[in-house]
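Analysis of the macromolecular model
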Amino acid sequence: MKVPYSWLREFTDCPIGAADLGDRLTMAGLEVESVTRVAHEVGGIVVGRILAVEPHPDADRLSVCRVHDGTAELRIVCGASNMKAGDSAPLARPGAVLPDGTRIRPGRFRGIVSEGMLCSERELGLGEDAAGIMILPEGAAPGTALDEALGLRDEILDINVTPNRPDCMSVIGIAREAAAILGAPLRVPAPGVAERAEDAAGLVRVVVEDAGNCPRYCARVIRGVLVGRSPFPVRHRLGMAGLRPVNNVVDAVNYVLVERGHPLHAFDLGALRGGAVIVRGAREGERIVTIDGKERVLAAGTLVIADEAGPVAVAGVMGGLASEVGAGTRDVLLESAWFNPAAVRRSARSLGLSTESSARFERGADPGGIAAAADRTASLITTLAGGGTCRGIVEAGPGVGAPRPVALRVARLNRLLDSSRGPAEVRACLERLGLRAEEAGRDTLAVTPPSFRVDIRAEIDLVEEVARLEGYDRVAAAPPDGAAPEPGGDGRFAARERARSLLRGLGLSEAVCLSFMGEADMDALMWAPDAAARNAVRLSNPVSDELAYLRSSMLPPLIRCLALNAGRGNRDAMLFEIGTVFRAAGKGELPREEERLAIAVMGSAGPGFWRSRTAEADYFTLKGILETLLAGTGSSVSFGRAPVPSCHPGRSAAVSIDGIAAGWIGEIHPRVRETLGIRHAVVFAEIDAPPVFAALTREPAYRPLPRHPAVRRDIAVVAEEGHEAAAIIECARAAAPGLVESVELFDLFTGPPIPAGKKGVALSVTLRAADATLTEREIEAATGAIREALERAGCRIRTD
């Protein structure tokens, strides 16, 4: 919610600056994300009062104006024709500099010296209108600086309004909070509207067929409007509030939306067929072209505003193009209603729309402000667009129930806040917020919230109001009562933190992705139609088709994250995520949830270094990360070649921890990367988290440092190309139990002189006895046993 500070100060006195007010609002529970100063470079431009306009004696398209700048009268030659005597306009006197850098100097035009320039909006950088000079609102004194006269110097408070506070999605709502915090009066003038003799009820009928979702609908009729551009102050304020000006009628509706927080809609009355507006659920197959020009198919039951021929608006979300107010509109039907938040939310989600109106109705608009918002808007429309408001409000619906009183025990409030307030003090505090408090027995107040405070339902809500009004930073600090929890408990939390710490130490960054995916993700990852990962849980009301399923694998959201990085020019990324995946279960059963650890590396395998080139990440990069993660835990991690969907053939493996299948690792298939727009190699691992956490929580096993020396022997073999190195290493390790301390692969070679279809594998075997130094005979015996075991396994010992 963007709130111009000057607009807020129309409703309350703020003796402090915008930044200080932002701090006070934040401490009262309204997070002010930023306070931004806005200013337009129009220095040296002042308000000029046009005293007379005369034709140029020697040029048909020029006029000569006599303009008063507050101190003297100037003669200005002007090419525009939209001004008249008595108007005020921006005056650039000699020496002034326009925003585009043009310096104003006296000039001669067909024999008449011009002593300055009357400016258009475009010349001042305030808009695109260059058809005539900018006519200023009445009341600006000649000689006043233009930025002061138009309020161009302002500050904007950008407030993150929580979903439970729809009353703060308006300038008046924020002004009410500021007035309560500062102890200042709140000024909200009662809207008045001048009505003409013609009855609105004779021009339109209102029928509410779905009273559950629309308990009150009000309509006003304004006739004889002239649709055009709004005055600059209105357009400027809407722009600062983040809305785009459209025309004077629509701008009036949006102005009241921002000012009061109540969404309204203006229909072209002449475009409504049958002279009636009907609030009902959409029928199966009905369609509407909304004002954004898109045809939308309405789900049955979607709440719509219809005429006798069909839907003309999606209630509370967006109007229809056919009944939009445009240049030819002369009569306007103004809608002000209260729609059920759940109904609006369903409509917005099903159509994939989110508008300023739906954002407010979804949270809960003020049912008590319907008529006041209609009156204020009708009055503003006639001010901006002319015409007259017909007599009376045409309304239908049973109405919305009044708020119920909530009992507040002052003693409980004091106990929760560690304070000593009396009933009178608490009552005064609540009344500053617009709540009505009455005594309801000893030490108890009956508090009736106003209709705009839909969030106050229980006693604790009232306690919170008192606390935040004083400021959360002023609540007394006190140690909690009760005994401290026993240390220990579930070790999984500690294991997660240790896993995070170890992975961060290896250079990875933690990602937190949305737990959703879509059909397009499954297709992009080349999942087969019968793949287990396609057994995903579909959401009944997804935010979009791209996020229609709960993720059945950690891969889709995390690889989307890599694609986003790649699209922003970040070719290198090392990420991990600990999260939950979901699999659909049988009918009537809850989905299965499994915690997983995912690691994704794209591009380089680590940060660059000036003395050496960093290698590209590959399968072995990720294999090393997993082995390092579990090193020293006493658990063994092994890898066995296995095909994995989405991975490059021959570059993937199944992962086992302590001999139990735990996940997979592999290089993502080039076609998948191409589909996602990723140019560099991506390696990915997805591991069941429980065995990892179990290993990390296990007490480390220690052994004494060896007392006897080790012996290293290198053995080179030739094996079939499909013979896995892991199997060769395991064969060597098992051949001399008790003596083989480690077996490491230090070379892998193919090509001459190695025959085709075979590969050369070189192993470094470390031998050591725990109780004595090995003799040469023992070393030769162990080495011979290893060679024999390797030959039995199909390897040939190289002697060359």
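The structure contained in this document is the topic of the report that follows. None of these values were measured; they are calculated from a predicted model. Position labels on residues start from 1 in each chain and follow its written sequence. pLDDT decides what is reported in this predicted model: residues at 70 or higher carry local features, side-chain atom pairs at 80 or more are listed and counted, and totals for whole chains, interfaces and linings draw on all residues regardless. The basis for the side-chain values is all heavy atoms of the structure; hydrogens and waters are excluded.

**Quick notes on the overall build of the protein chain**
Quick note on the threshold: For helices the rule is a DSSP run of H or I covering at least 4 residues; for strands it is a run of E covering at least 2, with both sets numbered from the N terminus onward. Atoms counted for the radius of gyration: C-alpha only. Globule rule: 2.2 Å times the number of residues to the power 0.38. Buried residues are those whose accessible area, probed at 1.4 Å on protein chains only, stays under 20% of the maximum for their type, while exposed residues exceed 50% and partly exposed ones sit between those limits. Contacts are assigned to residue pairs with any non-hydrogen atoms lying within 4.5 Å of each other. Per-residue and other accessible areas follow the Shrake-Rupley method at a 1.4 Å probe size, with only the shown protein chains counted as cover for residues.
Counting its secondary structure elements, the protein chain contains 21 helices and 40 strands. Relative to the compact-globule value of 28 Å for 800 residues, the protein chain shows a C-alpha radius of gyration of 38 Å, a clear excess of over 25%. Taking the principal axes of the C-alpha coordinates as reference, the protein chain spans close to 120 × 85 × 55 Å. Across the 800 residues of the protein chain, 47% fall into the buried class. Put simply, 68% of the contacts in the protein chain that link residues at least 6 apart link residues at least 24 apart. With an accessible surface of roughly 39,100 Å², the protein chain has 51% of that area assigned to carbon and sulfur atoms.

**Brief notes about the sheet that holds strand β26 (residues 444-448)**
Here is the rule: A pair of strands is labelled paired if DSSP reports no fewer than 2 bridges between them. Here an axis means a line fitted to C-alpha atoms, over the contact stretch when the element is a helix, while the angle between two N-to-C directions is reported on a 0 to 180 degree scale.
Read across the open sheet, the 3 strands follow the order β24-β26-β25; overall the sheet is antiparallel. Among the strands making up the open sheet, the edge pair consists of β24 (406-409) and β25 (436-439). This sheet shows a mean twist of 30 degrees between the axes of neighbouring strands, independent of strand direction. Two elements, β24 and β26, share 4 bridges in a ladder whose sense is antiparallel. Bridge pairing in β26 links arginine 409 to threonine 444.

**Things to note about the side chain of serine 63**
Structurally, serine 63 can be placed in strand β4 (residues 59-68). Among the residues examined, serine 63 registers a relative accessible area of 14% and is labelled buried. Not counting residues up to four positions away in its chain, the partners in contact with serine 63 are Val53, Glu54, His56, Ile76, Val77, Cys78, Ala80 and Met83.

**Quick notes on the pairing of strand β37 (residues 711-720)**
Of the strand pairs in this sheet, β37 and strand β39 (residues 758-767) are connected by 10 bridges, and their pairing is antiparallel. Looking across to β39, one finds that valine 718 is bridged to glycine 760. Relative to strand β40 (residues 796-797), β37 is paired through 2 bridges, and the arrangement is antiparallel. Bridging from a neighbouring strand, valine 717 pairs with isoleucine 797 of β40.

**Here we look at the sheet that holds strand β3 (residues 45-56)**
With antiparallel pairing, 5 strands are arranged side by side in an open sheet as β5-β4-β3-β6-β9. At either margin of the open sheet sits one strand with a lone partner, and together these are β5 (73-78) and β9 (117-118). Across 2 bridges, the pairing between strand β6 (residues 88-92) and β9 is antiparallel. Note on β9: the bridge partner recorded for leucine 91 is leucine 118.

**Some remarks on the packing of aromatic side chains**
The following threshold applies: Only Phe, Tyr and Trp rings take part, Trp by its six-membered ring, and two of them pair if their centres are within 6.5 Å. Stacked means planes under 30 degrees apart, edge-to-face means over 60, and tilted covers everything else. Placement of a positive charge over a ring is assigned whenever Lys NZ or Arg CZ falls within 6 Å of the ring centre and within 35 degrees of the normal to the ring plane.
Summed over all chains, the structure comprises 4 aromatic pairs. Between phenylalanine 339 and phenylalanine 361, the ring centres sit 5.1 Å apart and the planes meet at 65 degrees, which makes this aromatic pair edge-to-face. Taken together, the positions of phenylalanine 339 in the loop between β21 (331-338) and α8 (341-351) and phenylalanine 361 in helix α9 (residues 356-363) put the pair 22 residues apart, joining distant regions of the chain. The same class applies to phenylalanine 339 and to phenylalanine 361, which are both buried. Look at tyrosine 619 and phenylalanine 620: their rings are 5.2 Å apart centre to centre, the planes differ by 85 degrees, and that puts the pair in the edge-to-face class. You can call phenylalanine 620 exposed: its relative accessible area is 59%. Arginine 176 extends its terminal NZ or CZ atom over the ring of phenylalanine 452, reaching a point 3.8 Å from the ring centre. The ring of tyrosine 549 is capped by arginine 538, whose NZ or CZ atom sits 5.2 Å from the centre of that ring.

**Quick notes on the packing of helix α20 (residues 725-735) against helix α21 (residues 776-792)**
Defined as follows: By definition in this entry, angles of less than 35 degrees are roughly parallel, angles greater than 145 are roughly antiparallel, angles of 65 to 115 are roughly perpendicular, and the rest are oblique. With the far helix as reference, a near helix turned anticlockwise by less than a right angle produces a left-handed crossing, and one turned clockwise produces a right-handed crossing.
Remark: α20 packs on α21, axes separated minimally by 8 Å, with the N-to-C direction vectors making an angle of 140 degrees. With respect to α21, the element α20 is oriented oblique. The handedness of the crossing between α20 and α21 comes out as right-handed. Seen from α20, the contacting residues are Ile728, Cys731, Ala732 and Ala735; seen from α21, they are Ala785, Ile786, Ala789 and Leu790.

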